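Chain by chain, the residues run as shown.
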Amino acid sequence: MTTNNQMGTCALCGKENIQLMQSHLIPKAVYKRIKTFKNSRFREMDDIQKIYQDGEKKPMLCHDCEEFFSKYERDFCNTFLDKYTADKLIPSTITQNINFYLLTVSWRILYDDLYVYDSFKERSERTAFERLEYKIRRYLNSTHSPQQQELIDQQLITNYANGEPQSFGEAIAFIENIQKLQLPEDISEIKNYIFSLCELGYTAPQIELLSHCVTGYSFSTTTKQHYCVITSYLGWIFLTVYQPKRYIQISLDTTPYDKSITDIVKEETNYIIQNIVQKSITVQKQLDETGLREKIKKRYSSQ
Ligand SMILES: [Zn+2]
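What you are looking at is a predicted structure, and each value in this text was computed from that prediction instead of being measured.

**Student:** Help me understand the coordination of the zinc ion, please; the structure alone is not making it clear to me.
**Tutor:** Tetrahedral coordination by four donors places them ideally at 109.5 degrees to one another around the metal; octahedral coordination by six donors ideally gives 90 or 180 degrees. On the protein side, the zinc ion has C10 (SG), C13 (SG), C62 (SG) and C65 (SG) as donor atoms, found 2.3 Å from it. Classification of the site at the zinc ion rests on its four donor atoms, whose angles at the metal span 104 to 116 degrees, yielding the label tetrahedral. Here the donor residues for the zinc ion map to a single chain with the spacing C-x2-C-x48-C-x2-C. Taken together, the positions of C13 in the loop between β1 (6-8) and β2 (18-24) and C62 in strand β3 (residues 57-62) put the pair 49 residues apart, joining distant regions of the chain. Judged by its relative accessible area of 2%, C13 is buried.

Now the structure itself:
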């Protein structure tokens with residue numbers, strides 16, 4: 001992990017040759033709160049030697065965009081994270097700012113999955129995930145910097161205009177794309193959900209286990225009706241769901257057509273728990289083999 005900033009293209013505003021900050025996929029504020037837990041310390045589960053002091057960082061955003069996001073992070077900490085604990089009831093409405101914050105996190109994770117890890121390569125769902133990433137990005141950037149987004153849209157229109165449509169279908173798509181670029185991004189098919197592990201019926205040891213881990217990734221349901229980004233920390237599960245109406249597949253399958261969001265989130269949470277348990281067995285072994293357990297013990301006893 002390096003703290004040096006590097007030059008590149010900002011993932012949000014698209015400005016080129018700009019200094020990129022070491023951006024957190026999941027805000028530092030979250031990791032800070034986990035570190036205050038007794039005896040906890042976030043470790044990258046796959047590599048025991050890699051100690052993350054305050055979470056995973058990547059050169060991704062310019063200073064301006066980073067600052068823009070941090071405004072929403074502070075608001076989220078004040079109005080949600082420090083106000084509600086996961087063993088209590090969840091506020092029935094998600095405020096506009098919290099909604100926006102959840103989109104910024106899901107977007108960062110999805111962008112990283114698609115363009116850094118190259119996930120869903122040569123799989124049919126990649127197109128839907130790319131569309132989701134684009135939709136959130138355009139929506140966030142239009143709020144942050146409408147002028148900059150207009151420049152990006154203009155560039156896209158020029159690109160479309162320069163490419164000759166080959167078929168009738170492509171010509172229709174061309175007109176539709178240009179029309180869409182004249183309008184604000186429609187995110188009505190994208191929704192955020194918040195669940196507490198307690199509300200989902202998990203046991204105290206399971207909640208304890210998950211509260212200490214920070215997880216975030218994207219996945220689609222088997223019926224390909226939901227494209228989701230899930231994050232989990234401090235006893236909460238946050239879910240961004242994209243359900244494109246236009247692309248719903250007609251299935252001859254006799255299984256229930258629509259899975260509920262709660263079912264989706266439970267299935268995924270079970271998967272996360274299973275993963276953490278499996279990995280922690282390996283980690284415990286490595287802790288002893290590398291002598292790290294002793295080092296950590298010493299570190300905590302001296303604090
Ligand atoms: Zn930027």
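Here the narrative resumes.
**Student:** How should the sheet that holds strand β6 (residues 227-233) be read in this particular structure?
**Tutor:** Strand pairing within a sheet occurs via backbone hydrogen bonds; the two strands may be parallel or antiparallel. A sheet is described by the order of its strands in space; here four strands give the open sequence β4-β7-β6-β5, paired in antiparallel fashion. Each of the sheet's edge strands pairs with one partner strand only, and the pair in question is β4 (190-196) and β5 (215-220). Neighbour to neighbour, the strand axes of the sheet diverge by 15 degrees on average, direction disregarded. Taken together, the six bridges between β5 and β6 define a ladder with antiparallel strand orientation. For Y217, the partnering residue across the bridge sits in β6 and is I230. Lying on the sheet, helix α4 (residues 125-144) is in contact with β4, β5, β6 and β7 (236-242); it crosses β6 at an angle near 65 degrees. Contacting β4, β5, β6 and β7, helix α8 (residues 261-290) runs over the sheet at an angle of about 125 degrees to β5.

Scoring rules and cut-offs
Residues numbered from 1 in each chain as written. Predicted model: local features only at pLDDT ≥ 70, side-chain atom pairs only at ≥ 80, totals over all residues. Heavy atoms only, no water. Donors = N, O, S within 2.8 Å, 3.2 Å for Na, K, Ca; no water. Tetrahedral: all angles 85-135°; square planar, octahedral: opposite > 155°, others 65-115°. Helix = DSSP H or I, 4+ residues; strand = E, 2+ residues; numbered from the N terminus. Buried < 20%, exposed > 50% of the residue type's maximum accessible area, 1.4 Å probe, protein only. Pairing = 2+ DSSP bridges. Axes fitted to C-alpha atoms, helices over the stretch in contact; angles between N-to-C directions. Contact = heavy atoms within 4.5 Å.

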